[in-house]
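Each chain, written out:
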Amino acid sequence: MALTADQVRWVAHLARLELTDGQIEVMARQLSAVIDYVDQLQQVDTEGVEPLAHPFLLHNVFRSDESAPSLPVDEALANAPDRRGDFYSVPAVLE
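Since this is a predicted model, take the numbers as computed values, not measurements.

Trainee: Can you break down the overall build of the protein chain residue by residue, with the values?
Mentor: In terms of regular secondary structure, the protein chain is built from three helices and two strands. Secondary structure elements in the protein chain, listed N-terminal to C-terminal, are α-α-α-β-β. Against the compact-globule benchmark of 12 Å for 95 residues, the protein chain has a radius of gyration of 26 Å, which places it well outside the compact range. Taken over the C-alpha atoms alone, the protein chain extends approximately 60 × 50 × 15 Å along its principal axes.

Laid out in structure tokens, this is it:
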């Protein structure tokens, strides 16, 4: 399936991308190739194949969630460039 330049422009607009005409041509070819590949994958017979979330049989591999003592505030903020009480102070980024 070949995408048109207008379709690529619309996708670029949705992604907030500014593309030149040359880039639109390249993107049209590349996106068309991706769509063709997805179409090819949809033709594969998956009857009887169970869906899976992970290729390995893994069970809970996380450590147990147990509370532990934290760093003292003074030690945690020892290298803070600007400290206000028990917090880091950062410059405002509002306009």
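Trainee: Break down the environment of Met 1 for me, with residues and values.
Mentor: Residue position: Met 1 is located in the segment before α1 (5–14). Classification of Met 1 as exposed rests on a relative accessible area of 54%. When residues no more than four places from it in sequence are discounted, the contact partners of Met 1 are Ser 32, Ile 35 and Asp 36.

Trainee: Any chance you could break down a nonpolar patch on the surface for me, citing the residues and the numbers?
Mentor: Residues Phe 56, Leu 58, Val 61 and Phe 62 make up a contiguous nonpolar surface patch of roughly 510 Å² in combined accessible area. Along the chain, the position of Leu 58 falls in the loop between α2 (21–42) and α3 (73–76).

Trainee: Describe in detail the environment of Thr 4, supporting the description with residues and values.
Mentor: Structurally, Thr 4 is set in the segment before α1. What makes Thr 4 partly exposed here is its relative accessible area of 42%. Separated by 52 residues in the primary sequence, Thr 4 and Phe 56 place their C-alpha atoms 41 Å from one another.

Trainee: Can you break down the pattern of salt bridges residue by residue, with the values?
Mentor: In this structure the tally under the stated criterion is five salt bridges. The salt bridge partner of Asp 6 is Arg 9, with a shortest N-O separation of 3.3 Å. Taken together, the positions of Asp 6 and Arg 9, both in helix α1 and three residues apart, correspond to about one turn of that helix. Look at Asp 6 and you get exposed, because its relative accessible area is 57%. A salt bridge links Asp 86 to Arg 83; the shortest N-O distance between them is 3.6 Å. Three or more residues joined by partner-sharing salt bridges are found here, namely Asp 6, Arg 9 and Asp 21.

Trainee: Explain α2 residue by residue, including any values.
Mentor: Spanning 22 residues, α2 covers 31 Å between terminal C-alpha atoms, matching the ideal 32 Å at 1.5 Å per step. Residues of α2 that are buried: Ile 24, Ala 28 and Ser 32. The buried residues of α2 occupy an angular sector of 75 degrees when the element is viewed end-on, so they sit on one face. Packing partners of the buried residues in α2 comprise α1.

Cut-offs used in this document
Residues numbered from 1 in each chain as written. Predicted model: local features only at pLDDT ≥ 70, side-chain atom pairs only at ≥ 80, totals over all residues. Heavy atoms only, no water. Helix = DSSP H or I, 4+ residues; strand = E, 2+ residues; numbered from the N terminus. Rg over C-alpha atoms; globule rule 2.2 N^0.38 Å. Buried < 20%, exposed > 50% of the residue type's maximum accessible area, 1.4 Å probe, protein only. Contact = heavy atoms within 4.5 Å. Patch = residues over 30% accessible without salt bridge, like charges linked within 9 Å, V, L, I, M, F, W, Y side chains within 5 Å. Areas by Shrake-Rupley, 256 points an atom, 1.4 Å probe, with all protein chains shown as cover. Salt bridge = Lys/Arg side-chain N within 4 Å of Asp/Glu carboxyl O. Expected span 1.5 Å × (residues − 1). Arc of directions from axis to C-beta.

These values are about where atoms sit, not about what they do.
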